[in-house]
Amino acid sequence: MHIDRCYCYEVRLARLKRVAEATGADSVAALQERVEFGKNCQLCHPYVRRMLQTGEVVFEEVIRE
Ligand code: FES
């Protein structure tokens, strides 16, 4: 398992991190105001939240919360 993006929209976590750093967006909703992602299955949301907390952009583990 190798998770580095919103798969439904093909948006990488690395890109979302750059947007967060540039704009101060600090939540999934705030990022969604700036980038089209995460509105389908929403399985990427826990990874985006973790990225916002830790800065990681590639995950090997399954995150469910
Ligand atoms: S993986 Fe992001 S909405 Fe499906």
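Conventions we followed
- In every chain, residue numbers begin from 1 and rise along the written sequence.
- This being a predicted model, a pLDDT of at least 70 is required before a residue's local features are given, and a value of 80 or more before pairs of side-chain atoms are given or counted; all residues contribute to the totals for chains, interfaces and linings.
- In this analysis, axes come from line fits to C-alpha atoms, helices being fitted only over the stretch in contact, and the angle between any two N-to-C directions falls in the range 0 to 180 degrees.
- Secondary structure is summarised from DSSP: a helix means a run of H or I of at least four residues, a strand means a run of E of at least two, and numbering begins at the N terminus for each.
- Orientation labels follow simple angle bins: below 35 degrees gives roughly parallel, above 145 gives roughly antiparallel, 65 to 115 gives roughly perpendicular, and whatever is left gives oblique.
- Left-handed is the label given to a crossing in which the near helix is rotated counterclockwise from the far helix by less than a right angle, and right-handed is the label when the rotation is clockwise.
- Contacts here follow a simple rule: the backbone-placed C-beta atoms of the two residues must lie within 7 Å.
- Throughout, the ten residues Ala, Val, Leu, Ile, Met, Phe, Trp, Tyr, Cys and Pro are labelled nonpolar, Asp, Glu, Lys and Arg are labelled charged, and all others, Gly among them, are labelled polar.
- Counting other C-beta atoms within 10 Å of its own, a residue is labelled buried from 20 upward, exposed at 12 or fewer, and partly exposed in the gap between, with every C-beta atom placed from the backbone.
- Working note: the arc is built from the helix axis to C-beta atom directions.

Draft legend 1. Structural view of the packing of helix H1 (residues 13–23) against helix H3 (residues 45–54). Axis separation between H1 and H3 bottoms out at 10 Å; the angle between their running directions is 50°. What the angle tells us is that H1 and H3 run oblique. For the pair H1 and H3, the sense of crossing is right-handed. For the pair H1 and H3, the contacting residues are Leu13, Leu16, Lys17 and Ala20 in the first and Tyr47, Val48, Met51 and Leu52 in the second. Classifying every residue of the contact of H1 with H3 by side-chain character gives 7 nonpolar, no polar and 1 charged.

Draft legend 2. Representation of H1. Listed in full, the buried residues belonging to H1 are Leu13, Leu16 and Ala20. Across the axial projection of H1, the buried residues extend over an arc of 60°, all falling on one side. Those residues of H1 that are exposed and aimed more than 90 degrees away from the buried face are Ala14, Glu21 and Ala22. Its buried side turned inward, H1 meets strand E1 (5–6), strand E2 (11–12), helix H2 (28–32) and H3. Looking one or two residues beyond H1, the residue adopting positive phi is Gly24, at roughly 85°.

Everything listed here is a matter of coordinates, which is why it stays silent on function.
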